[in-house]
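# Structural features, examined
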Amino acid sequence: MYTASSANNGVYEYLSEAVEDARDRDLWGADGERLEWTFRDYAGCAARSAWVWEHWFRLALAADRDRFTRLADKHGLSLGDEPSPLADLLAGDERYVELRGDLWSVSEDGLHGDDRFVDVTELTDRERKQYATARERCLCGPCTKLRPEPRFRAAMLNMLSGENAPSAAWYLARTAEPSPELLVALVRAGGEMHDLVPEVERCARRVPGAWQTLVSLLPDLRGGALGLALYALAEVARGDDDRRTLLRELDASLGGSDEAAVAAAELAGRIGGGVPGLPGRLAAVLDRDVSDRLRHSAVLGLVNLHLPPRPAPDPEIRVRLEREAERDTEAGKLATWALTMY
Ligand SMILES: [Zn+2]
């Protein structure tokens, strides 16, 4: 979770010490069938920091709930205590605010740091306004971005076109109220497509009517934005009609050599099993002078289309893989590995 703000420096310092301490005392980790984390307050000397980390920890569990559920499944475990829904946490009783370059716990009488206290009567007019807002809802960094507060929402949407796009997308895809407009903004960010794929897929899963929103957007999109839309469509495709529609779009993009073609080649391997002629059309990408990224996606797609128990590649596709295997590239390594299976 992205919490970069110099106001958080104090609570970061707490964490680096707390982690070491927890390791020494065996406070974090597995206890039978439970996973435990303890944030010590060191006899009240670090109460604010301990509570903030517990607050952020709960937010992270709620914001990435599907990821933790999948992780637990993978290890044959389940989440015994359902994490609180994100919206409940954002509207919960805990209140923090960034003021005077520090993060404070907000109470009726004022602001509490780990070893400092500011009485409400000592606040300036501007600070008192923020204090009053923070009495109503938490204004810590993660809460303001996950809710999101309107000014952060606008700022994060702007950030989608810059180098901080992945951080902005991380929060936007997890906000308590995802909307079709947000999905469109994430898709249009295009740019460094691969950094944004998991966030666009996550947002698509959470937005009602994502399939229709994305399909109607397709004619306007090119390159990375079109690629992101294809990944999002693959995430929410349901039934044979959706799959046929998506396969037509993938076929159309495979003819190009941009980021949309990179996405289409990978997705063809993921959803195109058993589609007549598709392996040949995918292999034809390797006959063209295209980027290493696209070559890698095409080989990855071909590998997935021919994973056992599916039939091994026919001779024409095998020739392409053998030719690719002679290259000293990621695609070449993958092709070399694939050929050992057939
Ligand atoms: Zn908060």
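Residues numbered from 1 in each chain as written. Predicted model: local features only at pLDDT ≥ 70, side-chain atom pairs only at ≥ 80, totals over all residues.

It is worth spelling out the domain arrangement of the protein at this point. By the assigned domains, the protein splits into domain 1 (6-146) and domain 2 (237-342). Computed from C-alpha atoms alone, the centre-to-centre distance between domain 1 and domain 2 is 46 Å. (Domains from an automatic or database assignment.)

What follows is about the sheet that holds strand 5 (residues 110-112). Overall, antiparallel pairing links the 4 strands, which are arranged 3-4-5-6 in an open sheet. Strands with a single pairing partner mark the edges of an open sheet, and in this sheet they are strand 3 (96-99) and strand 6 (117-119). Neighbour-to-neighbour, the strand axes of the sheet open up by a mean angle of 35°, direction not taken into account. Of the pairings in the sheet, the one linking strand 4 (residues 102-107) to strand 5 comprises 3 bridges and is antiparallel in character. For Val106, the partnering residue across the bridge sits in strand 5 and is Leu111. (Pairing = 2+ DSSP bridges. Helix = DSSP H or I, 4+ residues; strand = E, 2+ residues; numbered from the N terminus. Axes fitted to C-alpha atoms, helices over the stretch in contact; angles between N-to-C directions.)

Turning to the packing of helix 14 (residues 259-271) against helix 16 (residues 292-305), a few remarks are in order. Closest axis-to-axis distance for the helix 14/helix 16 pair is 7 Å, and the angle between their directions is 10°. Between helix 14 and helix 16, the crossing angle belongs to the class labelled roughly parallel. In contact with Ala261, Val262, Ala265, Glu266, Ala268, Gly269 and Arg270 of helix 14, helix 16 contributes Arg293, Leu294, Ser297, Ala298, Leu300, Gly301, Leu302, Val303, Asn304 and Leu305. Residues belonging to the contact of helix 14 with helix 16 are distributed by class as follows: 10 nonpolar, 4 polar and 3 charged. (Parallel < 35°, antiparallel > 145°, perpendicular 65-115°, else oblique. Contact = placed C-beta atoms within 7 Å. Nonpolar A, V, L, I, M, F, W, Y, C, P; charged D, E, K, R; others polar.)

Counting residues in hydrophobic clusters, the biggest one holds 87 residues, and the most contacted among them are Leu186, Val200, Leu228, Leu230, Ala232, Ala264 and Ala265. Top element by residues in this core is helix 12 (residues 223-236). It accounts for 10 residues. When we break this core down by domain, the ones giving at least three residues each are domain 1 (6-146) and domain 2 (237-342). Apart from the residues lying within four places of it in its own chain, the contact partners of Leu228 are Val187, Gly190, Met193, Leu196, Val197 and Val200. (Core = buried A, V, L, I, M, F, W, Y, C linked by C-beta atoms within 7 Å. Buried ≥ 20, exposed ≤ 12 C-beta atoms within 10 Å, placed from the backbone.)

Between helix 12 and helix 13 (residues 239-254), the shortest axis-to-axis distance is 11 Å and the interhelical angle comes to 155°. Taken as axis vectors, helix 12 and helix 13 run roughly antiparallel relative to one another. Between helix 12 and helix 13 the crossing geometry is left-handed. Between helix 12 and helix 13, the contacting residues are Leu226, Leu230, Leu233 and Ala234 on the first element and Leu246, Glu249, Leu250 and Ser253 on the second. Residue classes in the contact of helix 12 with helix 13 are distributed as 6 nonpolar, 1 polar and 1 charged. (Left-handed = near helix turned anticlockwise from the far one by under 90°.)

Attention now moves to helix 16. Look at helix 16: 20 Å from first C-alpha to last across 14 residues, which is about the 20 Å you get at 1.5 Å a residue. With respect to burial, helix 16 is a largely interior element, 10 of its 14 residues being buried. For helix 16, the complete set of buried residues consists of Leu294, Arg295, His296, Ser297, Ala298, Val299, Leu300, Gly301, Leu302 and Leu305. Summarising the contacts, the buried residues of helix 16 are in contact with helix 14, helix 15 (278-284), helix 17 (315-325) and helix 18 (330-339). (Expected span 1.5 Å × (residues − 1).)

The next thing to look at is the pairing of strand 4. Two strands pair when backbone bridges link them, and strand 3 and strand 4 are joined in this way by 4 bridges, in the antiparallel orientation. What sits directly across from Leu99, in strand 4, is Asp102. Linking two consecutive strands that pair antiparallel, namely strand 4 and strand 5, is a turn of 2 residues.

Let's shift gears to unusual backbone geometry. Look at the link from Arg147 to Pro148: it is a cis peptide, with omega at -20°. For the peptide bond that leads from Pro308 to Pro309, omega is 10°, which places it in the cis range. Mapped onto the elements of the fold, Pro309 is located in the loop between helix 16 and helix 17.

On to the environment of Leu246, then. Counting through the fold element by element, Leu246 comes out in helix 13. Separated by 35 residues in the primary sequence, Leu246 and Trp211 have C-alpha atoms spaced 10 Å apart. Once you skip the residues sitting within four places of it in the chain, Leu246 turns out to touch Leu233, Ala234, Ala237 and Ile271.

Okay, helix 10 (residues 193-206) next. Spanning 14 residues, helix 10 covers 20 Å between terminal C-alpha atoms, matching the ideal 20 Å at 1.5 Å per step. Inspection of helix 10 places Met193, Leu196, Val197, Glu199, Val200, Arg202, Cys203 and Ala204 among the buried residues, and these make up the whole buried set. Where helix 10 is buried, its residues touch helix 8 (165-172), helix 9 (180-188), helix 11 (210-217), helix 12 and helix 14.

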